[in-house]
Amino acid sequence: MRISARADYAVRAALELAAAGEDTSVKAEVIATAQGIPHKFLEGILGDMRRGGLVASQRGGKGGYRLARPADSIAIADVIRVVDGPLVSVRGVRPPELSYCGPAESLLPLWIAVRANVRKILGEVTLADVAGAELPDEILALAEDPEAWTNP
């Protein structure tokens, strides 16, 4: 699985909004500067997040962006799906739509298992968890494994 720059930027922007609080609007320029995200690129991402129902925008001097619902109700997976589509695909196709034959036949359950694990992690961790540095214990345990930090 690859996390695109677009997804990374979207999650980081959403975390800035989560940290700001529910009733605080934050200008795109402020988010871009705080996270080192190209402003024009961020505007497009925030537009997708607005259309996806994750952020609300307000025009004017006190305008900006804020989360459309509480940070504890928005999973990291929600943000990624809004800007990038499905969490896991194979050649741009969702795993259940694939079919294999012969020795590759058991590849499909492998891709489904990968997708299930990605969903489990990204679907259970919320913006509030990450913004509050309170990741679930099972996530911390996975990250504490030294093998998780090495590139084979």
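These remarks concern the structure in this document.

Cut-offs used in this document
Throughout this description, residue numbers start from 1 for each chain and increase along the sequence as written. Local features in this predicted model are restricted to residues whose pLDDT is 70 or higher, and side-chain atom pairs enter the listing and the counts only when it is 80 or higher, whereas totals over whole chains, interfaces and linings include all residues. Hydrogens and waters are ignored; side-chain quantities use all the structure's heavy atoms. Stacked, edge-to-face and tilted labels apply to pairs of Phe, Tyr and Trp rings (six-membered ring for Trp) whose centres lie within 6.5 Å, assigned for plane angles under 30 degrees, over 60, and everything in between, in that order. Helix and strand definitions follow DSSP, with helices as H or I runs of at least four residues and strands as E runs of at least two, each counted in order from the N terminus. When a residue's accessible area, from a 1.4 Å probe over protein chains only, is under 20% of the maximum for its type it is buried; when over 50% it is exposed; and in between it is partly exposed. Counted charges follow a simple rule, with Lys and Arg positive, Asp and Glu negative, and His plus the chain ends left uncounted. Each reported salt bridge corresponds to a side-chain nitrogen of Lys or Arg within 4 Å of a carboxyl oxygen of Asp or Glu. Any two residues whose heavy atoms approach within 4.5 Å at even a single point are treated as in contact. Under the convention used throughout, the expected extent of a helix is 1.5 Å for every residue step, that is, one less than its residue count. Polar contact criterion, stated in full: a pair of N or O atoms within 3.5 Å, where within protein one must be able to donate a hydrogen and the other to accept it, and residues adjacent in sequence count only if both atoms are side-chain atoms. Buried Ala, Val, Leu, Ile, Met, Phe, Trp, Tyr and Cys residues that are joined via side-chain atoms within 4.5 Å together make up what is termed a nonpolar core.

## With respect to the packing of aromatic side chains
With the rule as written, the count across this model stands at 1 aromatic pair. Relative to F41, the ring of Y9 has its centre 5.5 Å away and its plane inclined at 80°; by these criteria the two rings are edge-to-face. With a gap of 32 residues between them, Y9 in helix α1 (residues 5–20) and F41 in helix α3 (residues 39–51) connect regions that are remote in the sequence.

## As for the side chain of R115
Residue placement: R115 occurs in helix α5 (residues 107–124). Buried charge without a salt bridge: R115, with E97 as the nearest opposite-charge side chain at an N-O distance of 7.6 Å. Leave out the neighbours within four places in its chain, and R115 touches V88, P95 and P96.

## Some points on the environment of R91
Within the fold, R91 resides in the loop between α4 (76–84) and α5. Sequence spacing of R91 and A143 is 52 residues, and the spatial spacing of their C-alpha atoms is 28 Å. Residues in contact with R91, not counting those within four places in the same chain, are L98 and Y100.

## A look at α3
Under the 1.5 Å per step criterion, the end-to-end length of α3 is 18 Å for 13 residues, consistent within 8% with the ideal 18 Å. The inward-facing, buried residues of α3 abut α1, α2 (28–35), β1 (55–58), β2 (64–67) and α4. One or two residues past the end of α3 sits G53, with phi positive at roughly 80°.

## Here's the deal with the environment of Y65
When you line up the elements, Y65 lands in strand β2. Residue classification places Y65 among the buried positions, given a relative accessible area of 12%. Taking C-alpha positions, Y65 is 20 Å from A5, a pair spaced 60 residues apart along the chain. Polar contacts involving the side chain of Y65 include one to the side chain of E43, which spans 3.2 Å.

## A closer look at the nonpolar core
Membership of the largest hydrophobic core comes to 36 residues, with the highest contact counts inside it found for M49, L67, V79 and L127. For this core, the elements supplying multiple residues, two or more each, are α1, α2, α3, β2, α4 and α5. When residues in this core are grouped by element, the largest group, 9 residues, is from α1. Residues within four places of L127 in sequence aside, it is in contact with A14, L15, A18, L67, A71, I74, I76 and V79.

This is a description of form; function is not addressed.
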